[in-house]
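Here's the letter readout for the chains.
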Amino acid sequence: MSWDGPSSRGLDRRSFPENRIFPEGMMEPVEAPRPRGPRIGLALGGGSARGWSHIGVIEVLEEAGIYPEVVAGCSIGAVVGGCYAAGKLDALKDFALSLTRRRVLGLLDVRLGSGLIAGDRLRQRLENDLADRRIESLPLRFGSVATELGTGHEVWLTRGPMVTAVRASYALPGVFPPVRLDARLLMDGTLVNPVPVGLARSLGADLVICVNLNCDPRVRGTVIEPRSEVVAEVEAEPVAARRRWPLLRNVRGARRHRQASAAPGLARVMLDAFNITQDRISRARLESDPPDLTVSPKLAGMGLFEFHRAEEAIALGRQAARAALPEIRATLASAAARV
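Residues numbered from 1 in each chain as written. Predicted model: local features only at pLDDT ≥ 70, side-chain atom pairs only at ≥ 80, totals over all residues. Heavy atoms only, no water.

**Focus: helix α2 (residues 76-85)**
Of all ten residues that make up α2, ten are buried, and the element is covered over most of its length. Those residues of α2 not exposed but buried are Ile 76, Gly 77, Ala 78, Val 79, Val 80, Gly 81, Gly 82, Cys 83, Tyr 84 and Ala 85. (Buried < 20%, exposed > 50% of the residue type's maximum accessible area, 1.4 Å probe, protein only. Helix = DSSP H or I, 4+ residues; strand = E, 2+ residues; numbered from the N terminus.)

**Brief notes about the pairing of strand β6 (residues 184-188)**
Here three bridges tie strand β3 (residues 141-148) to β6, and the two strands are oriented antiparallel to one another. Of the residues in β6, the one forming a bridge with Thr 147 is Met 187. As judged from the three bridges shared by strand β5 (residues 179-181) and β6, these two strands associate in the antiparallel manner. If you follow Val 179 over to β6, its bridge partner there is Leu 186. (Pairing = 2+ DSSP bridges.)

**Considering the pattern of salt bridges**
For the structure on display, the rule yields 13 salt bridges. Of the charged contacts, one joins Arg 39 and Glu 69 as a salt bridge, the two residues approaching to 3.7 Å between their closest N and O atoms. You can see Arg 39 sitting in the segment before β1 (40-44) and its partner Glu 69 sitting in the loop between α1 (53-63) and β2 (70-74), a full 30 residues away along the chain. Taking the relative accessible area as the measure of exposure, Glu 69 reaches 32% and is therefore partly exposed. Ionic pairing is found between Glu 154 and Arg 285, a salt bridge with its closest N-O pair at 3.0 Å. Residue Glu 154 is located in strand β4 (residues 154-157), and its partner Arg 285 is located in helix α11 (residues 266-288); the two are separated by 131 residues in the primary sequence. You can call Arg 285 partly exposed: its relative accessible area is 29%. Taken together, the shared-partner salt bridges connect Glu 59, Glu 63, Lys 93 and Arg 318 into one network. (Salt bridge = Lys/Arg side-chain N within 4 Å of Asp/Glu carboxyl O.)

**Remarks on the layout of surface pockets**
There is about 550 Å³ of room inside the largest pocket. Along its surface, the largest pocket is lined by 29 residues, and Ile 76, Leu 122, Tyr 170, Phe 176 and Phe 307 are the ones closest to its centre. Among the elements of the structure, α2, α3 (89-97), α5 (120-130) and α11 are those that each provide at least two residues to the lining of the largest pocket. A total of four residues in the lining of the largest pocket trace back to one element, the largest contributor, which is α5. Residue composition of the lining of the largest pocket, by class: 20 nonpolar, six polar and three charged. (1 Å grid on protein atoms, 1.4 Å probe; cavity = no way out; pocket = protein on both sides within 12 Å on 5 of 7 lines; lining within 4 Å. Points joined across faces, edges and corners; volume = space filled by probe spheres on them. Nonpolar A, V, L, I, M, F, W, Y, C, P; charged D, E, K, R; others polar.)

**Comments concerning unusual backbone geometry**
Backbone geometry at Ser 48 places phi at a positive 55 degrees, although glycine is not the residue there. Relative to the elements of secondary structure, Ser 48 occurs in the loop between β1 and α1. By relative accessible area, which is 12% here, Ser 48 ends up buried.

**Some thoughts on the environment of His 308**
Relative to the elements of secondary structure, His 308 occurs in the loop between β8 (293-295) and α12 (310-338). Using a relative accessible area of 23% as the deciding quantity, one classes His 308 as partly exposed. Sequence separation between His 308 and Arg 101 is 207 residues; the distance between their C-alpha atoms is 5.8 Å. Excluding residues within four positions of it along the chain, His 308 makes contact with Leu 99, Thr 100, Arg 101 and Val 104. (Contact = heavy atoms within 4.5 Å.)

**Some points on the environment of Val 208**
Structurally, Val 208 is set in strand β7 (residues 207-211). Considered as a pair, Val 208 and Ala 43 are 165 residues apart in the sequence and their alpha carbons are 6.8 Å apart. If near-sequence neighbours (up to four positions away) are discounted, Val 208 is found in contact with Gly 41, Ala 43, Val 197, Ala 200, Arg 201, Pro 291, Asp 292 and Leu 293.

**A word on the packing of α1 against α3**
Helix-helix packing: each pair is described by the crossing angle between the helix axes and the interaxial distance. The interhelical angle for the contact between α1 and α3, taken along N-to-C directions, is 140 degrees, at an axis separation of 11 Å. By the criterion of interaxial angle, the relationship of α1 to α3 is oblique. Remark: the crossing between α1 and α3 carries left-handed chirality. Residues Ile 55, Ile 58 and Glu 59 of α1 form the contact with α3, whose participating residues are Leu 89, Leu 92 and Lys 93. Tallied by class, the residues present in the contact of α1 with α3 amount to four nonpolar, no polar and two charged. (Axes fitted to C-alpha atoms, helices over the stretch in contact; angles between N-to-C directions. Parallel < 35°, antiparallel > 145°, perpendicular 65-115°, else oblique. Left-handed = near helix turned anticlockwise from the far one by under 90°.)

Structure below.
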C-alpha cells in the first residue's frame, strides 16, 4: 500500500492539514520525543539580608535560558525560593527595592516573649503575596528547611501552607518566635542545614546549583595557633617607627585600647555568633553533600540585617551568577550528553 505523505526530511505534525484522512491500517506519524535534559535544582542558602542576592542569581539564570524545576530554600532562601516557585519573584523584588531603614524598622513589631519581634507584620506581607497557596499546588517542586525546637531535628517542609513553611524556616532564635506546625515548634533551618542541597536532590533534582551566602573568604574563620604568623603580623611594629614617632604611637595605642575595651552591643554579639555558627555548619554540610555547582556572591561587606541594601545585594548576586555561567553551561552540557 502506498501513501502520498510528507517527504522523509521530517514528520512534523504541524505540516498535516487538520482534515487529513489516513487510510485504514495506517498510523499517523508522530515526532520522536526529544531527549530530556537534566532536571535542575536550586539550593538557596540562609544569610538574612544577604539573601536578596538570590534574586539576582535567579534573574541571570533565566536570562541565560536556565530554568530550575526544583527549589529548596533555607531562611531567607526559603522566602526568595518560595516566591519564585509561586511566580511572585517580581513582586518580592519590588518590595525589597522599596525598603529603607525607616521601612525596615516599621516592619519590626517588637514584643518581649520567645522572640524580640512578633513577626505579625512580616506574616501579613507574605500572606498578601502568597495568599492561601499550598506547596503541592506550585508549578515548581519546592521545599524549605526548619529546625525542631528541643530535639534539633532537621525538618523538611514539602507540603502544606506556603506561608507557614517559609515563616518556620526564617524564625531566627531570639529574634522571631518559633512557629507551631502540628505538634512541633519550628525555628530557623540554618541551625542544621544552611544550604539544603540534599533536600533539592530528594525533590527530584538531577543537578543542583547552590547559592552559598557565607563563602566569602573575607568572613571565613580559621585557626590561630599560639604565636602564629597571624598573631605576629598583628602585633608586629617596626622598631624604627617606634623610635621615630613616639607621640603618634602613643595616640594610636590609646585609640586601640579604647576600641578593644568597648564592649559590643547585644545585637552585634547575637548576629556575629549566629554568622560564625552558620559558616561552620555550611562548610561541614557542603563537604558531606556537595552540590554540582556553586554560586558565591561576595557579600562580606553587607550586614545580616541591612535589608535596605537590596539593590546592592541583587547586583552582587547577578555578578556572581554571570561569573559562574561558563561553568554552569559546561556542566549542563556534560550532564545532557549522559542522559
